[in-house]
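Report on the structure
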Amino acid sequence: MSQLLEPKSLKKSKKYPLLKLEIIPTVGYEQVIKVTEPQIGLHAYIAIHNTKLGPALGGTRIFPYANPTAAIEDALRLSKGMTYKSAIAGVGLGGGKSVIIADPKKDKTPDLLMAFGEAVELLGGQYICAEDVGCSTEDVKTIRQATKYVVGLPHAKSSGDPGFFTAWGVFRGIQSVSKKLFGKDDLTGVKVAVQGLGNVGHNLINYLFWAGAELILSDIDSVALQKFAKKYGAKTVAPDQILSTECDILAPCAMGGILNEKTIPQLRCKGIAGGANNQLLRDADGEMLRIRGILYAPDFVINAGGLLNVAAELEEEGYCPVRSRNQCHQIYDTLLSIYEIADKNKESTNKAAISLGDYRTQFGVGKRARPLVFHHTPA
Ligand code: NAD
């Protein structure tokens, strides 16, 4: 059952008279909106999970979902993750995400992106979009023509590529796992197995190399794998071997859902600290890791570097990479506190992090005090 959103805001869309926004009532979410424009072929969902700490920010994923249910589920899961990520990172933002059902290789037209941008504009700033899987910075630039509620644009005042900030946060997270497990931040000789050598993974292995770690690498792209193995003198393993590789720390930097009841018994690592989103298939898998004695750095805490970087764009003083770097450093301390809380309560680190996020959201800890400033060049 869906209902039409505020007809008065719909009237504002002069350029796209067929643009329709419908609310899909969803328990546990502030607003889930279906966006359609039949002539253009736009079919999207915007999920706003929670805005208690500030407006919801989250990327726009463009993907050829098999059906609308799969698209909604992805938007719900990812927007909730953003609430926790933002709450713990202390950026004064809420959790949101949008998905467009389309093949990014074939279906991305300027009209599709701009009609979607118009829908974001009609929400009046409750939701701020950004790049994501299938949605490049160039696409974000097109969306910007229809809305100001967008970050990560390719202009001088923008934060640019989030990958190397995310990777630095993950590096600090790996140090926190080493500190907890081995009593030292120094990664000399620590064996780290990295799954996925994309934007996050390849920056991470550079930091790890210079920190003296012993690297084991894997990627489905064999050309990239061989290139990085040669560059860093690293060992390689096949994609189906990486999770069961014997190592000190496993760093998943590819896809989600890889830690589950099938894979967890096969793990031969002492800790897990990587950049991939939604690494646990279910929250209960965090407990399974605890029972196996594997220390897990919750993904939505360790991979907040990209968010910290992009959120800095919205401050009055404008983007400053030094400030973002310093905030990424703190991921180390945040994770150590989470391990401590988990130990004290005899619970998984994932559960401890969720409780921390819930607490901060419920009691307004880190709530946005200053208005957001969009330092855009004209659309
Ligand atoms: P990317 O697309 O640049 O890289 C992903 C890499 O993983 C690619 O090289 C791909 O070939 C490889 N890969 C895919 N399946 C694999 C498999 N089964 N085994 C081994 N390698 C595999 O993506 P990215 O930007 O590096 O992001 C990686 C992960 O981190 C994603 O889950 C993303 O959601 C998450 N993340 C990224 C950022 C960021 O700043 N880019 C921020 C937060 C979270």
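Please read these numbers as outputs of a predicted model, since none were measured by experiment.

1. Topic: the site of the ligand
Within the structure, the ligand sits among 21 residues, and T166, V200, D219, A254 and N277 are positioned closest to it. For the ligand, whose accessible area on its own is 830 Å², the fraction buried by protein is 73%. When residues of the shell around the ligand are traced back to their parent elements, those giving at least two are α5 (163-182) and α6 (199-210). For the shell around the ligand, the class distribution of residues is nine nonpolar, 10 polar and two charged.

2. Describing the nonpolar core
Residues I174, V194, L204 and L208 are the most contacted members of the largest nonpolar core, which totals 91 residues. The leading source of residues in this core is helix α3 (residues 110-122), at eight residues. When residues are assigned to domains, this core turns out to be shared by domain 1 (7-81 + 94-143) and domain 2 (163-356), each giving three or more. Beyond its immediate chain neighbours, meaning those up to four positions away, L208 contacts F171, I174, L187, V192, V194, A213 and L215.

3. A few points about the sheet that holds strand β13 (residues 271-272)
On the basis of which strands lie adjacent, the open sheet formed by six strands has the order β11-β10-β9-β12-β13-β14 and parallel pairing. The two strands at the open ends of the sheet, each matched to only one other strand, are β11 (235-236) and β14 (295-296). Direction of pairing for strand β12 (residues 249-252) relative to β13: parallel, over a ladder of two bridges. Within the sheet, the bridge partner assigned to I249 lies in β13 and is G271.

4. Remarks on the packing of aromatic side chains
How two aromatic rings sit relative to each other is set out by the distance from centre to centre and by the angle between their planes. Inspection of every chain in the model, using the stated rule, returns 10 aromatic pairs. Ring centres of F63 and Y65 lie 5.1 Å apart, and the angle between their planes is 65 degrees; on these two criteria the pair is classed as edge-to-face. By relative accessible area, which is 10% here, Y65 ends up buried. For the pair W168 and F171, a centre-to-centre distance of 4.9 Å together with 20 degrees between the ring planes defines the contact as stacked. In this pair, W168 and F171 are both assigned in helix α5, three residues apart and thus about one turn of the helix distant. By relative accessible area, which is 23% here, W168 ends up partly exposed. Judged by relative accessible area, which is 5%, F171 ranks as buried. Counting every residue linked through ring pairs, the aromatic cluster contains W168, F171 and Y207.

5. A word on empty space enclosed by the protein
For the structure shown, the criterion picks out one cavity of 30 Å³ or more. Estimated volume of the largest cavity: approximately 50 Å³. In this structure, the largest cavity is lined by V150, V151, H155, K157, E313, L314, V373, F374, H375 and H376. For the lining of the largest cavity, a count of residues per class yields five nonpolar, three polar and two charged.

6. Re the pattern of salt bridges
One pass over the structure, following the stated rule, counts 18 salt bridges. Where E246 meets K191, a salt bridge forms, and the shortest distance between an N and an O atom there is 3.0 Å. Taken together, the positions of E246 in the loop between β11 and β12 and K191 in strand β9 (residues 191-195) put the pair 55 residues apart, joining distant regions of the chain. Owing to a relative accessible area of 21%, K191 belongs among the partly exposed residues under this scheme. Residues participating in the shared-partner salt-bridge network are R61, D74, R77, K97 and D132.

7. Description of the pairing of strand β3 (residues 31-37)
Most of β3 is tucked away, with six of its seven residues classed as buried. In terms of strand pairing, strand β2 (residues 20-23) meets β3 through four bridges, oriented antiparallel. In the sheet register, I23 faces β3, and the bridge partner there is I33. The pairing of β3 with strand β4 (residues 42-50) spans seven bridges and is classified as antiparallel. For I33, the partnering residue across the bridge sits in β4 and is I46. Remark: four residues form the turn of the hairpin made by β3 and β4, two consecutive strands paired antiparallel; G41 in that turn has positive phi of roughly 85 degrees.

8. Considering the domain arrangement of the protein
When its domains are assigned, the protein resolves into domain 1 (7-81 + 94-143) and domain 2 (163-356). Between the C-alpha centres of domain 1 and domain 2 the distance comes to 29 Å. Taken together, the contact pairs five residues of domain 1 with five residues of domain 2. Between domain 1 and domain 2, a total of about 400 Å² is buried, with carbon and sulfur atoms accounting for 67% of that surface. At the junction of domain 1 and domain 2, the tally comes to zero salt bridges. Our enumeration of links across domain 1 and domain 2 arrives at one residue pair in polar contact (both at pLDDT 80 or more).

9. Examining helix α7 (residues 222-232)
Considered for burial, the residues of α7 that qualify are A224, L225, F228, A229 and Y232. Looking down the long axis of α7, one finds its buried residues gathered within 130 degrees of arc, a one-sided arrangement. Exposed residues pointing more than 90 degrees away from the buried face of α7 are listed as V223, K227, K230 and K231. Each element contacted by the buried residues of α7 is listed here: α6, β10 (214-218) and β11. One side-chain oxygen at the N-terminal end of α7 lies 3.1 Å from the backbone nitrogen of V223; it belongs to D221.

Thresholds applied
- Residues numbered from 1 in each chain as written.
- Predicted model: local features only at pLDDT ≥ 70, side-chain atom pairs only at ≥ 80, totals over all residues.
- Heavy atoms only, no water.
- Near = heavy atom within 4 Å.
- Areas by Shrake-Rupley, 256 points an atom, 1.4 Å probe, with all protein chains shown as cover.
- Helix = DSSP H or I, 4+ residues; strand = E, 2+ residues; numbered from the N terminus.
- Nonpolar A, V, L, I, M, F, W, Y, C, P; charged D, E, K, R; others polar.
- Core = buried A, V, L, I, M, F, W, Y, C linked by side-chain atoms within 4.5 Å.
- Buried < 20%, exposed > 50% of the residue type's maximum accessible area, 1.4 Å probe, protein only.
- Domains from an automatic or database assignment.
- Contact = heavy atoms within 4.5 Å.
- Pairing = 2+ DSSP bridges.
- Phe/Tyr/Trp six-rings, centres within 6.5 Å; stacked < 30°, edge-to-face > 60°.
- 1 Å grid on protein atoms, 1.4 Å probe; cavity = no way out; pocket = protein on both sides within 12 Å on 5 of 7 lines; lining within 4 Å.
- Points joined across faces, edges and corners; volume = space filled by probe spheres on them.
- Salt bridge = Lys/Arg side-chain N within 4 Å of Asp/Glu carboxyl O.
- Buried area = accessible area lost by both parts, 1.4 Å probe.
- Polar contact = N/O pair within 3.5 Å; in protein donor to acceptor, adjacent residues only side chain to side chain.
- Arc of directions from axis to C-beta.

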